[in-house]
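Below, each chain spelled out in residue letters.
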Amino acid sequence: MSPERAEEATLWAGRPAFRSRPLEMSGACLMSACAGVALAGGHPRIAAYCLGTALFCLLVAQLRRLARSYRVTTQRVVQRAGFLARRVVEIELRETRDLTLSQSLAQRLLGIGTVGVSPAAGGERVSFAGIADPEAVKETIRRARLAAGASAASEAQGAAHG
């Protein structure tokens with residue numbers, strides 16, 4: 001990295017949205033309803049078991065959500081995954097080729113989606129899965145990519161004249 005190059009700043013950082021875990025959320029709702037029925041029927045032990053299971057479903061959803069983080073900076077896109085074992089995929093913005101957004105019907109209704117970034121030279125793709133407002137994130141990456149390209153061109157021009 002050249003000394004004249006601007007400091008890297010975070011433009012967007014996030015995690016998968018909580019609503020991107022529909023199975024765990026559905027399980028928690030179902031078990032909460034079962035707890036209410038069991039309690040109304042005079043079965044407090046069954047109600048406690050159902051509530052414990054509902055809390056477990058919510059905990060699993062939260063842990064899966066927290067195990068992933070995404071970041072867009074002025075220089076790169078970064079995807080991190082894992083708690084104990086860590087996996088990090090980074091792509092320099094100047095080296096990106098494709099930028100995609102995908103949403104199923106259910107994801108559109110929930111306001112979530114997946115933004116993907118592919119490197120120009122081949123290699124591993126960065127995928128921001130289950131994020132809220134994916135169109136805004138895609139636009140942030142697009143603008144950062146344009147700015148990084150302009151910055152690279154001015155650095156190359158300065159080096160040629162210097």
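Residue positions are given per chain, counting from 1 as you read along its sequence in written order. Two thresholds apply to this predicted model, a pLDDT of at least 70 for residue-level local features and 80 or more for giving and counting side-chain atom pairs, whereas whole-chain, interface and lining totals are computed over all residues. By convention in this description, side-chain values take in all heavy atoms of the structure and omit both hydrogens and water.

Student: Give a detailed account of the sheet that holds strand β4 (residues 87–92), specifying residues and quantitative values.
Tutor: Between any two strands, at least two bridges found by DSSP are needed for them to pair. Secondary structure follows DSSP: runs of H or I at least 4 residues long count as helices, runs of E at least 2 residues long count as strands, and numbering of each begins at the N terminus. Spatial ordering of the open sheet is given by β1-β2-β3-β4, a layout of four strands whose pairing is antiparallel. This sheet does not close on itself; its edge strands, each paired only once, are β1 (10–14) and β4. With strand direction ignored, the average angle separating the axes of adjacent strands in the sheet is 10°. As paired elements, strand β3 (residues 76–81) and β4 share six bridges and run antiparallel to each other. Opposite Ala 81, over in β4, you have Arg 87 as the bridge partner. Lines fitted to C-alpha atoms define the axes here, with helix axes fitted over just the stretch in contact, and angles between the N-to-C directions of these axes take values from 0 to 180 degrees.

Student: Residue-level account of the pairing of β3, with values.
Tutor: When a strand is regular, its side chains alternate between the sheet's two faces. In this scheme, a residue with accessible area under 20% of its type's maximum is buried, one over 50% is exposed, and one in between is partly exposed, where area comes from a 1.4 Å probe on protein chains only. Of all six residues in β3, five are buried; the element is thus mostly enclosed. With five bridges joining them, strand β2 (residues 68–73) and β3 adopt antiparallel strand pairing. Considered in β3, the bridge of Arg 68 is made with Ala 81. The antiparallel hairpin formed by β2 and β3 contains two residues in its connecting segment. Taking the residues that link successive antiparallel strands as the turn, the β3-β4 hairpin has five residues, and the phi of Gly 82 there is positive, at about 105°.

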